[in-house]
Amino acid sequence: MKIAVLGGDGFVGWPTVLHLSEAGHEVHVVDNLSRRWIDTELGVQSLTPMDSIQERCRIWREVTGREIGFHLLDLAKEFERLKSWLAEHAPDAVIHFAEQRAAPYSMKTDRHKVYTVDNNVNATHNLLAALVETGIDAHLVHLGTMGVYGYSSVGAAIPEGYLDVEIENLEGEKKGLEILYPTRPGSVYHMTKSLDQILFQFYAQNDGLRITDLHQGIVWGTHTDQTRRHEQLINRFDYDGDYGTVLNRFLIQAAIGYPLTVHGTGGQTRAFIHIQDSVRCIELALGDAPEAGDRVRIFNQMTETHRVRDLAELVAKMTDAEIAYLPNPRKEAAENDLVVRNEQFLALGLEPTTLAEGLLSEVVDVAKKYAHRIDRKRVPAVSAWTKDIATRVERDPEGKRLKSVS
Ligand code: NAD
Ligand code: USQ
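Residues numbered from 1 in each chain as written. Chains lettered and ligands numbered in written order. Predicted model: local features only at pLDDT ≥ 70, side-chain atom pairs only at ≥ 80, totals over all residues. Heavy atoms only, no water.

1. Describing the overall build of the chain
Per the secondary structure count, the chain includes 13 helices and 16 strands. Rg of the C-alpha trace for the chain: 21 Å, near the compact-globule value of 22 Å for 406 residues, within the 12% margin. Along the first, second and third principal axes, the C-alpha set of the chain runs to 65 × 55 × 40 Å. Across the 406 residues in the chain, those meeting the buried criterion constitute 55%. For the chain, long-range pairs separated by at least 24 residues make up 80% of all intrachain contacts whose partners lie at least 6 apart in sequence. If you sum the accessible surface of the chain, you get close to 17000 Å²; carbon and sulfur atoms cover 50% of it. The distance from the centre of the 45 positive side-chain charges to the centre of the 58 negative ones in the chain is 7 Å. (Helix = DSSP H or I, 4+ residues; strand = E, 2+ residues; numbered from the N terminus. Rg over C-alpha atoms; globule rule 2.2 N^0.38 Å. Buried < 20%, exposed > 50% of the residue type's maximum accessible area, 1.4 Å probe, protein only. Contact = heavy atoms within 4.5 Å. Areas by Shrake-Rupley, 256 points an atom, 1.4 Å probe, with all protein chains shown as cover. Lys, Arg positive; Asp, Glu negative; His and termini not counted. Charge placed at Lys NZ, Arg CZ, Asp CG, Glu CD.)

Right under this line is the structure:
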């Protein structure tokens, strides 16, 4: 297949590109490199030293003899160029990773909220409109999030995207209806993924676009079979308070002797998936495309759920790290249950990689190797969900003042 990977320079995109290239597909990365600019804005860098995308592609060619194309293009701002690109390359499949994906970054300031909505909603809508206009019948696979469902305890398993409900008609009879599971995003970022769902529903129904939406949990780990093949194929690895995600952050913190930063009681339960399984799921979804006229196919792309404090205790036990229970900068339920259905990927042959100690310690080893690149000042999460939360005095686990009362 000819596959366009939009956002292919990112944390999940890059290993997906390599995995699909190795599987024999013709792969093209389309990316505006905004994530690299955001590192500069925030004054942080990936824990791992990432080469330029062009250099990464060159190394892959040296190692495997396979070509990966790179195209610098902003999906959200360059609609005409996007259309021309699609018309010229006519991909069989388009994988859409190209959004601003950090919840804390999306909540930093009003400017960050506006940027996240502009970027994510326009990127998705431009892509859909361009597919219709060019008439390219590509299977669109989008990386969405488990966070669209929200994290209130409902006492029932979260289905894969759709919910069967009953409503009473005007005659008083009960009628069955299938609806998108009610969305309850917990950040501006997660809200954009909820909006994406409606865009997909419309374009599948109106134009017969073939769309798969992957509601992915938190991705952890760093290496895949392909990124291990050469030092310069190494994956991005975020540790900072905005882009670092919880389990990867705990593993890095353990590696540098920084107390593990649990928000609140750590009673938040979340869904997780290892990066190796994430790339495998995308491949499985590509092989199971919907037909024109089908509803959007939705998968829950996760393999296990864990409570944040249980993860902290697990990492602490494994590494002798300390745990710091900190005031939560987010507005979220202090405790929640989470049971998620994921039978569709299991039926397609996914063999889940669960939280094995070997994989956890692999991340700690990577973090120790590159510990000199970590700026400890960038570890605390300081982006607050509301002004009230922001005005609370917060201290990082090392006792320094992060924000003063205004
Ligand atoms: P990332 O930030 O590392 O990568 C996103 C890539 O998209 C970057 O290379 C960025 O430059 C590019 N991009 C952003 N806006 C663009 C635009 N307008 N035009 C062109 N390129 C653009 O993120 P990631 O962790 O690789 O996540 C990829 C996708 O998977 C995201 O959509 C995210 O919402 C989703 N996801 C990620 C996780 C996770 O834990 N990392 C979990 C669930 C879902
Ligand atoms: N948390 C801590 N300590 C930390 C960091 C986070 O306790 O140092 C807590 C948060 O308060 C939250 C939970 O851990 O309750 C998860 O936070 P996270 O930053 O790991 O994940 P989140 O903000 O939800 O976002 C990440 C990705 C996003 C993706 C989402 C999947 O950045 O792109 O959509 O995971 S999900 O969580 O399933 O919605």
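Having put the structure on the table, let's press on.
2. Things to note about the site of ligand 1
In the vicinity of ligand 1 lie 29 residues, with Val-12, Asp-31, Arg-101, Tyr-189 and Lys-193 positioned nearest. In the environment of ligand 1, a nitrogen atom lies 3.5 Å from a nitrogen or oxygen atom belonging to the side chain of Gln-216. Separating an oxygen atom of ligand 1 from a backbone N or O atom of Val-219 is a distance of 2.9 Å. Against a free-state accessible area of 830 Å², the protein chains account for coverage of 97% of ligand 1. For the shell around ligand 1, the secondary-structure elements that each account for two or more residues are helix H2 (34-42), strand S5 (139-145), helix H7 (188-207) and strand S9 (218-220). Of the residues that constitute the shell around ligand 1, the class distribution is 12 nonpolar, nine polar and eight charged. (Near = heavy atom within 4 Å. Polar contact = N/O pair within 3.5 Å; in protein donor to acceptor, adjacent residues only side chain to side chain. Nonpolar A, V, L, I, M, F, W, Y, C, P; charged D, E, K, R; others polar.)

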